[in-house]
Amino acid sequence: MNRRDFLKSALTVAALAPVTRFAAQAGAGEEKGKNGRESNPQVTRRRYKNTDMTLPLLGFGLMRLPEKDGKVDRATARMMVDRAMASGCNYFDTAYMYHNGESEMFAAEALKKYPRDSYYLTTKMPTIMLKQEEDLERIFQEQLRRTQAGYFDFYLMHWLNAAHWKIAEKLKLYDFMKKKQAEGKIRRIGFSYHGEPEVLAEIAKAYPWDVAQIQLNYLDWELCRSREQYEVLTKLGIPVLVMEPLKGGTLVKLTPEAKAIFEKAEPGASAASWGLRYVASLPNVLCVLSGMSAPDQMTDNLKTFSPFKPLSDAERKTVAEALAAYRKSGAVPCTACRYCAPCPVGVDIPRNLAVYNQVKAGGRQFYGKLIYDAMPEEQRASSCVSCGACLKKCPQKINIPEELKKTAAMFR
């Protein structure tokens, strides 16, 4: 199946996927929920495999909490947690490093008034910080103290890539997590991933994972090869948790041309709603995490998911048109037509220019460098030999060798 057919079939199946709106009841086994607030519209939920457990399609990511004077604005953030719980958005994702450790402690503060079985809490083992096996127990116990949760519904290896996977394997992290699962401290095991699909496939096949968390949005579908990552996990039957569905706000701060296309298709609908609906329409997506940092963002997101409406064929075309307009107005007018491919020396020209445009359009260079460094060396802009083979193929008349030099310099 080619990329176009895969995308079309995946999103078409989404309309028939096991998405159900459950009136989840707090304390009813693994079915969690509404805390007695019958009047609030409830977020659509999706069933976990063939179990009775459902998760809200919208999850609250605690990485970008509202801040005041450099610290978490706890009053505003607590109000947002209460709003989320009342709407059935009862999946909370944190990590050891978020807000310099304050995120895990905030989770304890905000959720302590709710029954433990009325919400799902996910945190992660920071593989980048591990030096020896003793670190595993020390950090895990610290996370239990910080969150006061007693156990974690989902526990992930954080930020896996080729290098961090080697650390996890060397320190037998999976065995450690299975031990904690046997002790009742972890319910389900998974990992979050930033890297290439080839390494993801190796990791995904290594153990019987319960979930995997990947960066997925309509810009990264090709840029970060998210389509291939999603397909790897789907074929292996591993449910997908989505991070960065709006690319850290990039897909909210679109160009005027791209915004106009969305506005014409559905007046009044936010750019964020289009991005969230895009990823949630994929049938193997279990939960879409949004790092909501303001009450108005939560209001808009809850509206999008209460109830959730999968994208239609016409709406998928609208997303494609808006994406093309966004790319065209970048620093380099590359439309990712790929007429320049294949490069004689293997450089992935459209992908390099897309990363360059992303940073130039206001995206954080840190994330751009993550993508660039994860590419095989021969595919990076730095491998361009200025042979000029691409120049006569580009319909946009871009001086590709010169733009690749700028890209390589940006990430050197």
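Here we summarise the structure given alongside this text.

**What to know about the overall build of the chain**
No. 1: Assigned secondary structure in the chain consists of 16 helices and 13 strands.
No. 2: By residue count, 56% of the 412 residues in the chain fall in the buried class.
No. 3: The long-range fraction of contacts in the chain, counting pairs at least 24 apart against all pairs at least 6 apart in sequence, stands at 75%.
No. 4: Carbon and sulfur atoms provide 53% of the accessible area of the chain, an area that totals close to 17,600 Å².

**Describing the pairing of strand β12 (residues 240–243)**
No. 1: Across the two faces of β12 the burial is the same, with Val240 and Val242 and Leu241 and Met243 all buried.
No. 2: The pairing of strand β11 (residues 211–215) with β12 spans four bridges and is parallel. Bridging across to β12, Gln215 finds its partner in Met243.
No. 3: Here three bridges tie β12 to strand β13 (residues 285–290), and the two strands are oriented parallel to one another. In the strand pairing of β13, Val242 is matched with Val288.

**Things to note about the pairing of β11**
No. 1: Burial runs high along β11: five of the five residues are buried.
No. 2: Every second residue of β11 is oriented toward a common face, with Val211, Gln213 and Gln215 on one face and Ala212 and Ile214 on the other, all of them buried.
No. 3: Here strand β10 (residues 186–193) pairs with β11 via four bridges, running parallel. Counterpart to Phe191 in the pairing with β11 is Ala212.
No. 4: Since β10 and β11 lie parallel, the crossover through helix α7 (residues 197–206) that links them has a hand, and here it is right-handed.

**Let's talk about the pattern of salt bridges**
No. 1: Under the defined criterion, the tally for this structure stands at 26 salt bridges.
No. 2: Glu402 is the salt-bridge partner of Lys405, the closest N and O atoms lying 3.4 Å from each other. With Lys405 and Glu402 both in helix α16 (residues 400–410) and three residues apart, this pair spans about one turn of that helix.
No. 3: Since its relative accessible area comes to 46%, Lys405 is described here as partly exposed.
No. 4: One salt bridge in this structure joins Lys406 and Glu403, with 3.7 Å as the shortest N-O distance. With Lys406 and Glu403 both in helix α16 and three residues apart, the pair spans about one turn of that helix.

**Description of the sheet that holds β12**
No. 1: One closed barrel holds the eight strands; their spatial order is β4-β7-β8-β9-β10-β11-β12-β13, and the pairing between them is parallel. Direction aside, neighbouring strands of the sheet carry axes that sit 30° apart on average.
No. 2: Relative to strand β9 (residues 152–160), strand β8 (residues 120–126) is paired through five bridges, and the arrangement is parallel. Of the residues in β9, the one forming a bridge with Lys124 is Leu156.

**Quick notes on helix α15 (residues 365–374)**
No. 1: Here α15 has its buried residues at Tyr367, Gly368, Ile371 and Tyr372. One face of α15 carries all of its buried residues, which in axial projection span an arc of 140°.
No. 2: Of the surrounding secondary structure, the elements contacted by the buried residues of α15 are α8 (220–223), α14 (349–360) and α16.

**Comments concerning the environment of Glu257**
No. 1: Relative to the elements of secondary structure, Glu257 occurs in helix α10 (residues 256–265).
No. 2: Each C-alpha atom, one on Glu257 and one on Tyr326, is 7.1 Å from the other, the two residues being 69 residues apart in sequence.
No. 3: Setting aside anything within four residues of it in sequence, one finds Glu257 in contact with Ala325 and Ser329.

**Side note on the side chain of Lys247**
No. 1: Relative to the elements of secondary structure, Lys247 occurs in the loop between β12 and α10.
No. 2: Among the polar contacts made by the side chain of Lys247, one reaches the side chain of Asp220 at a distance of 2.5 Å.
No. 3: Among residues more than four places away in sequence, those in contact with Lys247 are Gln215, Asn217, Leu219, Asp220, Leu223, Cys224, Gln358 and Ile371.

**Thoughts on the state of the cysteines**
No. 1: Per the stated rule, a full pass over the model turns up zero disulfides.
No. 2: Cysteine Cys384 is unpaired, with the sulfur of Cys390 as its nearest cysteine sulfur at 6.5 Å.
No. 3: Cysteine Cys387 is unpaired, with the sulfur of Cys343 as its nearest cysteine sulfur at 5.8 Å.
No. 4: Judged by relative accessible area, Cys387 falls into the partly exposed class, the value being 49%.

**A look at the packing of aromatic side chains**
No. 1: Under the criterion given, the structure shown has 22 aromatic pairs.
No. 2: Between the aromatic rings of Phe140 and Tyr155, the centroid separation amounts to 5.2 Å while the plane-to-plane angle is 75°, which identifies the pairing as edge-to-face. You can see Phe140 sitting in helix α4 (residues 134–147) and its partner Tyr155 sitting in strand β9, a full 15 residues away along the chain.
No. 3: Its relative accessible area of 0% is what places Tyr155 among the buried residues.
No. 4: Taking the centre distance of 5.3 Å and the plane angle of 75° together, the rings of Phe366 and Tyr367 count as edge-to-face.

Cut-off values and rules
Residues numbered from 1 in each chain as written. Predicted model: local features only at pLDDT ≥ 70, side-chain atom pairs only at ≥ 80, totals over all residues. Heavy atoms only, no water. Helix = DSSP H or I, 4+ residues; strand = E, 2+ residues; numbered from the N terminus. Buried < 20%, exposed > 50% of the residue type's maximum accessible area, 1.4 Å probe, protein only. Contact = heavy atoms within 4.5 Å. Areas by Shrake-Rupley, 256 points an atom, 1.4 Å probe, with all protein chains shown as cover. Pairing = 2+ DSSP bridges. Right-handed = clockwise from strand over helix to strand, strands pointing away. Salt bridge = Lys/Arg side-chain N within 4 Å of Asp/Glu carboxyl O. Axes fitted to C-alpha atoms, helices over the stretch in contact; angles between N-to-C directions. Arc of directions from axis to C-beta. Polar contact = N/O pair within 3.5 Å; in protein donor to acceptor, adjacent residues only side chain to side chain. Disulfide = S-S within 2.5 Å. Phe/Tyr/Trp six-rings, centres within 6.5 Å; stacked < 30°, edge-to-face > 60°.

Geometric descriptors of this kind do not, in isolation, establish any biological role.
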